[in-house]
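As a plain string of letters, each chain reads:
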Amino acid sequence: MKSIALMSEKGGTGKTTSLLNLASGMARAGRKVLVVDADPQANATMVLTGGQGLGEGPTLAEVMAGTARADDALIVTPWTGVELLPASPNLAEVNLSLANELGRERRLRKAMEPLKGDYDIALVDTGPARSLLNVNVLNWVGQVIVPISPGLFSLAGLGQLQTAIEEVRMYLDNSELALRGLVLTMCERTAVSTDVERQLRGLFGDLVFTTTIPRSVRVEEAHSRFQSVFDHSPQSSAAKAYSALVEEILPYVERKTNRSGKRSGGTSKTHDAA
Ligand SMILES: Nc1ncnc2c1ncn2[C@@H]1O[C@H](COP(=O)(O)OP(=O)(O)OP(=O)(O)O)[C@@H](O)[C@H]1O
Ligand SMILES: [Mg+2]
């Protein structure tokens, strides 16, 4: 199982939106997808449970606390091919309650180990804060994708995230962790949007996905109907863009892991922010 976190220290950049549409797109491409909702806001959980909310079952909060197993918390969603390890608001407390516990940065990595043969790809949604929860995510996933919505301060927090990735690689268990890329979301035909794109491609080169996601009202409509943009509006520019982004990411999902456990042909290099 490969794993990708959608992460940015800045809020509202399109992490959850991208996660949901990538999950749907990859499932449509025949991959078995697990969504792990590691954001206490639980936005992805809400959409993937059709706004029903959760019953009594355990969530990622209990898994992190060590009182439930990951496979007991899994939910089959109405989205074909997509399963969910849900979040609940209790997840916010994990940061405090684990603060002095042994192995606090390793809880998620350990909890997910038994599921690694069950899915092609795990996509992890995260909250915008710097937190122990996000360190747990970084210490587990193979790659990080950072959605960036062009605007003032759109690169805020990117340098800190790169530092966090470097530190996890150096001091924790995930030496293969890679910043896979930056994806521009909510792009418009404005001077600011074009400037940010040019600046980003100048600074980060091929670390920036070729595909950019346009701002489209169809995306928000889809959320409010608990659908992906592919179901809601398959001909929309946003659906086409997310489909192209899925194509850019699938080669990683397909990449074989060699016998030493190291990914072949991959690069775990990260570029420095200027
Ligand atoms: N391509 C798009 N076109 C139009 N609206 C969009 C698009 N992408 C995201 N949005 C809207 O922008 C808002 C923020 O998006 P989203 O919730 O995905 O960001 P986020 O990074 O997950 O936020 P948070 O940091 O709070 O978790 C939402 O209302 C979402 O519907
Ligand atoms: Mg979100």
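Before reading on, note that the structure itself is shown above.
Thresholds applied
Residues numbered from 1 in each chain as written. Chains lettered and ligands numbered in written order. Predicted model: local features only at pLDDT ≥ 70, side-chain atom pairs only at ≥ 80, totals over all residues. Heavy atoms only, no water. Salt bridge = Lys/Arg side-chain N within 4 Å of Asp/Glu carboxyl O. Buried < 20%, exposed > 50% of the residue type's maximum accessible area, 1.4 Å probe, protein only. Helix = DSSP H or I, 4+ residues; strand = E, 2+ residues; numbered from the N terminus. Pairing = 2+ DSSP bridges. Right-handed = clockwise from strand over helix to strand, strands pointing away. Phe/Tyr/Trp six-rings, centres within 6.5 Å; stacked < 30°, edge-to-face > 60°. Lys NZ or Arg CZ within 6 Å of the ring centre and 35° of its normal. Polar contact = N/O pair within 3.5 Å; in protein donor to acceptor, adjacent residues only side chain to side chain. Contact = heavy atoms within 4.5 Å. Axes fitted to C-alpha atoms, helices over the stretch in contact; angles between N-to-C directions. Near = heavy atom within 4 Å. Areas by Shrake-Rupley, 256 points an atom, 1.4 Å probe, with all protein chains shown as cover. Core = buried A, V, L, I, M, F, W, Y, C linked by side-chain atoms within 4.5 Å.

Re the pattern of salt bridges
Tallying each qualifying case throughout the model produces eleven salt bridges. D71 is paired through a salt bridge with R69; the nearest N and O atoms lie 2.8 Å apart. Using a relative accessible area of 52% as the deciding quantity, one classes R69 as exposed. In this structure, R106 engages D173 in a salt bridge whose closest nitrogen and oxygen atoms are separated by 2.8 Å. You can see R106 sitting in the loop between α5 (91-97) and α6 (107-112) and its partner D173 sitting in the loop between α8 (158-171) and β7 (178-184), a full 67 residues away along the chain.

Comments concerning the pairing of β7
For β7, the buried fraction is high: six of the seven residues fall into the buried class. For strand β6 (residues 143-148) and β7, the ladder comprises six bridges, and the chain directions are parallel. Paired with I145 across the bridge in β7 is G181. Following the chain from β6 across α8 to the adjacent parallel β7, one finds a crossover that is right-handed.

Remarks on the packing of aromatic side chains
A complete count under the given rule lists zero aromatic pairs for this structure. It is K2 that lies over the ring of Y252; its NZ or CZ is 5.3 Å from the centre. For the cation-ring pair, K32 lies above Y119, with the distance from its terminal atom to the ring centre recorded as 5.0 Å.

Some remarks on helix α10 (residues 217-224)
Two or three places before R218, at the opening of α10, S216 has a side-chain oxygen 3.1 Å from that residue's backbone nitrogen. Of the residues one or two after α10, F226 is the one with positive phi, at around 60 degrees.

Concerning unusual backbone geometry
With a phi angle near 55 degrees, A42 is a residue other than glycine that sits in the positive phi range. Mapped onto the elements of the fold, A42 is located in the loop between β2 (33-38) and α2 (43-48). Within the chain, M186 stands out as a residue other than glycine whose phi angle is a positive 55 degrees.

Some words on the sheet that holds strand β5 (residues 121-126)
An order of β3-β4-β2-β5-β1-β6-β7 is seen for the seven strands of this open sheet, with the pairing classed as mixed. With partners counted over all chains shown, the strands left at the sheet margins are β3 (75-76) and β7, one partner each. Along the sheet, α8 contacts β6 and β7; its crossing angle with β6, the most-contacted strand, is approximately 175 degrees.

Looking at the site of ligand 1
Near ligand 1, the surroundings consist of 18 residues, among which K15, T16, T17, S216 and E220 are the closest. The contact in question runs from an oxygen atom of ligand 1 to an N or O atom on the side chain of T16, over 2.8 Å. Calculation on ligand 1 without its partners gives an accessible area of 630 Å², and the protein chains cover 84% of this total. Going through the elements one at a time, α1 (15-28) and α10 are the ones with two or more residues in the shell around ligand 1.

Structural notes on the nonpolar core
Ranked by internal contacts, the top residues of the largest apolar core, which has 49 residues, are L60, M112, V144 and L182. The dominant element in this core, judged by the number of residues it contributes, is α8, at five residues. Ignoring sequence-local partners within four residues, the contact set of V144 consists of A5, M7, L138, L161, I165, L177, A178, L179, R180 and G181. Counting residues in hydrophobic clusters, the runner-up holds 35 residues, among them V33, A44, W79 and A238.

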